[in-house]
Amino acid sequence: IVPADMKNVNDKENPATDQSYRMCFEAERLLLIGKTKEAIEKLKNAADTNKSNELALDMLGSIYNELKSDEAKDYFEASIKANSKFYLSHRGMGNYYLRKEEYHLAEKSYSSAISINPNRFGPIYKNRGIVRLKLDDKVGAVSDLNTYLDQCPQANDKDSIELVIKDLSSEEKR
């Protein structure tokens, strides 16, 4: 069940690693009940306990990105440094750059995540499609949006995405 990029989550050989990841799951619970400040503290403790805990670093990046803080980038970079194949951090970095309207960097980050695992999270294709539209890559955008719908056939925004694809495809024919 655990994705390959998270294989260290339960390290029986290293109790500090196991404890550090357990703190991440506790922080997740805190986030679900709206205790963001407490979750940040828990995740910082997890990262201090295990300096290479890519999950704690990624979760901190995600929280700070939601808070629109530039600290997000530092945490995503630290997570990627700890595990260059950690899909979530590449995706998170793409979300950070999308928010900052740094579209070339967002496209690069999303592409890195997709190269790690192309089928893990369908909505990443919608995000990269949006970025590619901003970069005036209509062919790439159509391809990504189609992949998004293939992977998420019940998406709530399916009708609007299909309309965008239709409009972009008809523009290409002109």
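Refer to the structure presented above.
Residues numbered from 1 in each chain as written. Predicted model: local features only at pLDDT ≥ 70, side-chain atom pairs only at ≥ 80, totals over all residues. Heavy atoms only, no water.

Novice: When you look at the packing of aromatic side chains in this model, what are you seeing that I'm missing?
Specialist: Both the distance between ring centres and the angle between the ring planes are used here to describe each pair of aromatic rings. Scanning the entire structure with this criterion turns up two aromatic pairs. Between Y64 and Y75 the ring centres are 5.5 Å apart and the planes differ by 10°, which places this aromatic pair in the stacked class. Of the two residues, Y64 sits in helix α3 (residues 54-66) while Y75 sits in helix α4 (residues 71-82), which places them eleven residues apart along the sequence. Comparing Y64 with Y75 shows no difference in burial state: the two are buried. Centre to centre, the rings of Y96 and Y97 are 5.4 Å apart; their planes meet at 65°, and the pair counts as edge-to-face. Across the pair, exposure class does not vary: Y96 and Y97 are buried alike. (Phe/Tyr/Trp six-rings, centres within 6.5 Å; stacked < 30°, edge-to-face > 60°. Helix = DSSP H or I, 4+ residues; strand = E, 2+ residues; numbered from the N terminus. Buried < 20%, exposed > 50% of the residue type's maximum accessible area, 1.4 Å probe, protein only.)

Novice: Looking at this structure, I do not really get the nonpolar core. What am I missing?
Specialist: Side chains of nonpolar character tend, in soluble globular proteins, to be buried together. The biggest cluster of nonpolar side chains holds 44 residues, and the ones touching the most others in it are C24, L43, I124 and Y148. In terms of residues, this core owes the most to one element, α3, which gives seven residues. Beyond its immediate chain neighbours, meaning those up to four positions away, C24 contacts L43, A46, N53, L55, A56 and M59. (Core = buried A, V, L, I, M, F, W, Y, C linked by side-chain atoms within 4.5 Å. Contact = heavy atoms within 4.5 Å.)

Novice: Would you explain the pattern of salt bridges in this entry?
Specialist: Side chains that differ in sign of charge can pair as their charged atoms come close. Scanning the entire structure with this criterion turns up eleven salt bridges. For D18, the salt bridge goes to R22, with nearest N and O atoms at 2.7 Å. In this pair, D18 and R22 both sit in helix α1 (residues 15-32), four residues apart, roughly one turn of the helix. Since its relative accessible area comes to 44%, R22 is described here as partly exposed. K42 is the salt-bridge partner of E26, the closest N and O atoms lying 3.0 Å from each other. Of this pair, E26 sits in helix α1 while K42 sits in helix α2 (residues 36-49); the two residues are 16 residues apart in sequence, bridging distant segments of the chain. Judged by relative accessible area, which is 25%, K42 ranks as partly exposed. Within the structure, one salt-bridge network assembled from shared partners comprises E107, R128, R132, D137 and D144. (Salt bridge = Lys/Arg side-chain N within 4 Å of Asp/Glu carboxyl O.)

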